[in-house]
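# Structural features, examined
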Amino acid sequence: MFGRRPASSPEVPPNAPPEPPVPPLSKPMLKRASTKSRMGATTPRANPDELTDIATIDQTFQDMFADRATFYHNLQTAIRGAVAVTTIVGMLTYHGFVHELPEAYQHPALLAMIGFWFVLTFGRTMGFTIRNAWQALTGTLYAVLNSLIMNTIFPGGAKNAALNGYREEIAWIDVVIVVLLIMVVNVSNRCRTFALFYTAMFMTFFMNPKSDAKFSRNFQLDVNGTGVSYLMVCLAGTTIAIFMSIFPWPRRMTVEVQDQVALIRAAVSTLLIQVVSSYNGQKQSPTVKSKCQRGFNTVQNLLSELGPKVDISWWEGFDLGYHGKVRHMMIAFATLLKEVMDIIHGMQLAAEMDSTQSEGLLRSLRSDIAGLTNAADALLTEIGRAIHDGDISDEERSKIERRADALVKESQELAEAYTLKRVEAGVPPLDPAMLEEDFFIYNLAQLSQAIVKFAMSLREPAQPDVLGMFYGQLLDLFDPMVARNHGNFVLRGFTAFMVAFIWGVSYRNYNFVMAATVALVMSKFMGSAVERNLGRMQGVVLGLVIPAIALHLLDSCNGGMGTLAFLGFVFLLEVLALYIYQAASPRFAYIAMLTAAFAAKSFFVPCDKLKDDGATSQAAYAQVTAVVVGIIIVMVVDIALANERPSEAVQDHLGTCFFQIREGFEEFLKGNKRLRGNRLKAELRKAWLNHREAINEPRYWRVAYPETMVEGILQQTEELRLDLRALEHTVCKGGVLEKGHFVDGVVDPVIFEQIRDTKVFQRARRDLLQQFDRVTQLIRHVMQHESETQNQFVVNYEHNEDVYDHVDDLAYSMTHLDYSDGSLPLLDDPRCRGCVAIFMITRVHKRLDTLVEVVLRH
């Protein structure tokens, strides 16, 4: 965008003495070792030039992520679950165990739910399983409590109508109120599933005049009653699930979080080296840049996965003792790594150094840059080692402080050396030819400050709020109705459930299976409603039909090889289904989970109930029919009542993102501190989520969803977010270190103060904002255009090329200004902040051009 002025870039004289040796940058190579050794390992030092080799970059990231929980851990989880299901089926079927139970608990349909609820509760870590168990039991208790209330009002339900004054309309009103309450309160998915499933079952029994179910009444729990017996079965299934997540050794989410944070820390160091190399005079091939970009994407994905994992790890120790300290430290360190990644990623996106620059000013500072990078890596490593066990000793705290002092010293020396080199080279205070260099040095100082600030906070680390977190986790169960389109989800879910419930009660002889199926498969996501529900239908049918075939073909009750063959078949099917559930994408994982759950339920047929008259096959057929009808009801209701397609949600979230970015950019030009971009990251995450759903949404008469174009727009929007973040820091002076504590920066709009009222500034400001509005309208019109006709807005679109010249004029109008103060730290120096601000303005404009290219290419 800016024409380079060679006179401003210092050249190395031909007869200049050789430069001093450059301290090598660190290159962490993660080996197979324990998590503790990974977190605090001293990494070998390597020359950054080695990273130009593609194989080296591949090996670096392969070593880093080789130990992620993939095949081995997923297979181990599947085997644990299959062992439990096979044991349950074997005990309940063959060894007379059923006859040792109380009579009320000997019903096959009741006992079959143990394996069913086990599969729906069992998770790959102890934290997952405990959380799932809590949600399952809470949902079941809700349905049991409603059943207890109704049987207190009308003891015995419809079958005792002559004695208790039973009124059917009151039962229907109760179903409507209870289901609406479950849907509106917006409980977690698993809690809602269990609550609706058992509400359908209990109320069907209650309203059936021929039911043989026995319920508690007068608020006195009857251990032999239907409600309590199903609650005990749910408790048995969840208890077995918790036991299998612990035996033979527990798999803790806390350990997985520690491991992942260690991997991210090592990856951040590697990516920092690569970015520094690109600024440091090292040329990069497009292939190397592509590898590093994939590395950035991988690390960003790992960081986004940390939040849910950290939340799950709470259930493993409830923030008490060791686990609470570790979890709290990991949350804080992950926050730091996210901030560091934003800085590094912003530097990487802006790295456009040419050969002239590589021989210029930054090359003479390679020693100082390498020293700062090594110091930052050493401090991050020391922090990782110290916080790993959640308890920072005095010795570890002393080491961290020494490393922090060393990083502060390296940062100050780099700033002083950079200022001195600029003066010696005769570079003006603001030179458009040196904007990338200013941006690079400024971000290194910002990176150092972020790490040192975190290190200083470890002097007196905040203690976890145990009660507050406990209350927060309960709110996660009973979440207020704040989710987007929750009202439409309530309408769809309530309608589908009631249609299935009315059909089952009125036309299927009080059959609750259709309504229970609706409870299992209802989903908030609408993108692939048809595809998802067809997949669920496939999973349920496989889970019902395969056991029926096995029971028909295998002599499962002879006590010999037939029994062993049957149990072996149960084990293999469950291993396969549970492995797919753990390892596959969400598109197939839910299908496999339904297969495993319904198969675990259907395999249980006591030998004294197993007949050769086809009764088992007929029962399976009846269940398949009811389940398929329930899924069809969900599918039809979702299509008919959905008020927003995922592609429309993507447009809405993108519109919010562009509005906030535009508003933030305008606030920056006014000199305000807060650029109002706090919600950007969350909106972008929602846009990406709906984009993935929109890929599979049925388009009918509309043209195909522009997947590639939308992905390009989302990527450029993420880069605009990083640009806005960099701009926000330039408006304020950097934080000040006072008595070992950082004081936040204050608004200092001096960078544009001297030219704010000039025509050059006003024209550049007006053109940039108008360009932003034009690009936003272009994207909106293209995404809303879903027919085969020609888009007239695109045909008539005109891009304002004059903005290039106006932004150049703004930069060169500031070259005569000299408002720098050599005594100020680099992050406080208005000259450096002004250069960074101008550079980021050019980057924002380039993003707008790239967005237009993405749209017009489509």
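Residues numbered from 1 in each chain as written. Predicted model: local features only at pLDDT ≥ 70, side-chain atom pairs only at ≥ 80, totals over all residues. Heavy atoms only, no water.

### Comments concerning the overall build of the protein
To keep things clear, this is the line we draw: Strands here are runs of E lasting at least two residues and helices are runs of H or I lasting at least four, both read from the DSSP assignment and numbered beginning at the N terminus. Three labels apply to residues, based on accessible area from a 1.4 Å probe with only protein chains included: buried if under 20% of the type maximum, exposed if over 50%, partly exposed otherwise in between. Pairs of residues are marked as contacts when any of their non-hydrogen atoms sit within 4.5 Å. Using a 1.4 Å probe, the Shrake-Rupley method yields the accessible areas, and only the shown protein chains count as cover for residues.
Along the protein, the regular secondary structure elements total 30 helices and 4 strands. Sorting the 858 residues of the protein into buried and exposed places 55% on the buried side. Partitioning the intrachain contacts of the protein with sequence separation of at least 6 by distance along the chain shows that 83% fall at a separation of at least 24. Looking at the protein as shown, the accessible area adds up to about 36800 Å², and 58% of this sits on carbon and sulfur atoms.

### Describing the nonpolar core
Heads up, the rule is: The nonpolar core is taken to be a set of buried Ala, Val, Leu, Ile, Met, Phe, Trp, Tyr and Cys residues, with the residues joined through side-chain atoms within 4.5 Å.
If you look at the biggest cluster of nonpolar residues, it comprises 117 residues, and the most contacted ones within it are Phe333, Leu379, Ile383, Ile451, Ile713 and Ile841. Core analysis: the second largest hydrophobic core is formed by 104 residues, Ala516, Leu520, Met593 and Val605 among them.

### A few points about the confidence of the model for the protein
What counts here: A residue's pLDDT is simply how confident the predictor is in it, with values from 0 to 100.
With 79% of its residues at a pLDDT of 70 or more, the protein has an overall mean of 79. In this model residues 735–747 is a low-confidence stretch, pLDDT under 50, and it forms 30 contacts with partners more than four residues away in sequence or in other chains.

### Details of the environment of Val310
With respect to the helices, strands and loops of the structure, Val310 is situated in helix α11 (residues 286–313). Note: C-alpha distance between Val310 and His328 (18 residues apart in sequence) is 9.0 Å. Apart from the residues lying within four places of it in its own chain, the contact partners of Val310 are Val257, Arg327 and Ile331.

### Section: the packing of helix α14 (residues 366–387) against helix α15 (residues 394–424)
Convention followed: Only the stretch in contact is used when fitting a helix axis, every axis being a line fitted to C-alpha atoms; angles between N-to-C directions are given from 0 to 180 degrees. For this classification, under 35 degrees means roughly parallel, over 145 means roughly antiparallel, 65 to 115 means roughly perpendicular, and everything else is oblique. Note: crossing handedness is left-handed where the near helix turns anticlockwise from the far helix by less than a right angle, and right-handed where it turns clockwise. Polar here means any residue outside two lists: the nonpolar Ala, Val, Leu, Ile, Met, Phe, Trp, Tyr, Cys and Pro, and the charged Asp, Glu, Lys and Arg; Gly therefore counts as polar.
Running from amino to carboxyl end, α14 crosses α15 at an angle of 160°, the nearest separation of the two axes being 9 Å. With respect to their mutual orientation, α14 and α15 come out roughly antiparallel. Here α14 runs over α15; the crossing is left-handed. When α14 is examined against α15, the residues Asp368, Ile369, Gly371, Leu372, Ala375, Ala376, Ala378, Leu379, Glu382, Ile383, Arg385 and Ala386 are found in contact with a partner set consisting of Glu396, Lys399, Ile400, Arg403, Ala404, Leu407, Glu410, Ser411, Glu413, Leu414 and Ala417. Within the contact of α14 with α15, the residues separate by chemical class into 13 nonpolar, 2 polar and 8 charged.

### With respect to the environment of Phe489
Following the sequence through the fold, Phe489 ends up in helix α18 (residues 486–507). On the accessibility criterion, Phe489 (3% relative accessible area) is buried. For the pair Phe489 and Met183, spaced 306 residues apart in sequence, the C-alpha to C-alpha distance is 8.2 Å. Not counting residues up to four positions away in its chain, the partners in contact with Phe489 are Met183, Arg192, Met522, Ser523 and Lys524.

### Observations concerning the packing of aromatic side chains
Condition: Here the aromatic set is Phe, Tyr and Trp, taking the six-membered ring for Trp, and pairing holds for ring centres within 6.5 Å; pairs whose planes are under 30 degrees apart are stacked, those over 60 apart are edge-to-face, and all others are tilted. Only Lys NZ and Arg CZ are tested; either one counts as a charge over a ring when it is within 6 Å of the ring centre and within 35 degrees of the ring normal.
Tallied over the full model, the rule gives 27 aromatic pairs. An aromatic cluster is built from Phe116, Trp117, Phe194, Phe197, Tyr198, Phe202, Phe205, Tyr230, Phe512 and Phe598, whose rings are joined through pairwise contacts. A cation sits over an aromatic face here: Arg702 above Trp701, 4.4 Å from the ring centre.

### Structural notes on the pattern of salt bridges
Heads up, the rule is: Just to be clear on terms, a salt bridge is a Lys or Arg side-chain nitrogen sitting within 4 Å of an Asp or Glu carboxyl oxygen.
A full pass over the atoms with the stated rule returns 29 salt bridges. The salt bridge partner of Asp342 is Arg721, with a shortest N-O separation of 3.2 Å. With Asp342 in helix α12 (residues 321–350) and Arg721 in helix α26 (residues 707–731), this residue pair connects regions lying 379 residues apart in the sequence. Arg721 matches Asp342 in its accessibility class, with the two residues each being buried. Between Arg765 and Glu666 there is a salt bridge, and its shortest N-O distance comes to 3.4 Å.

### Some points on the packing of α18 against helix α19 (residues 513–521)
Packing of α18 against α19 leaves a shortest axis separation of 7 Å and a crossing angle of 165°. Judged by the angle between their axes, α18 and α19 are roughly antiparallel. Classified by chirality, the crossing of α19 by α18 is right-handed. Of the residues in α19, those touching α18 at Ala496, Phe497, Ala500, Phe501, Trp503 and Gly504 are Met514, Ala515 and Val518.

### With respect to a positive patch on the surface
What counts here: Like charges are joined within 9 Å and nonpolar side chains (Val, Leu, Ile, Met, Phe, Trp, Tyr) within 5 Å, but only among residues with over 30% relative accessible area and no salt bridge; these make up the patches. The charge count treats Lys and Arg as positive and Asp and Glu as negative. His and the chain ends do not count. Charge placement uses NZ in Lys and CZ in Arg. For Asp and Glu, CG and CD serve respectively.
The grouping of Lys338, Lys681, Arg685 and Lys686 at the surface amounts to a positive patch. If you tally residues by element for the positive patch, the top one is helix α25 (residues 680–694), at 3 residues. Relative to the assigned elements, Lys681 resides in helix α25. Accessibility expressed as a relative area gives 34% for Lys681, which makes it partly exposed.

### Describing unusual backbone geometry
Cis geometry marks the peptide bond from Phe247 to Pro248, where omega comes out at -5°. With respect to the helices, strands and loops of the structure, Pro248 is situated in the loop between α9 (226–246) and α10 (253–279). A positive phi angle, near 55°, is found at Phe318, a position not held by glycine. With relative accessibility at 34%, the residue Phe318 sits in the partly exposed group.

### Considerations on a nonpolar patch on the surface
On the surface, Leu145, Ile149, Ile153 and Phe219 cluster together into a nonpolar patch covering about 370 Å² of accessible area. Classification of Leu145 as partly exposed rests on a relative accessible area of 45%.

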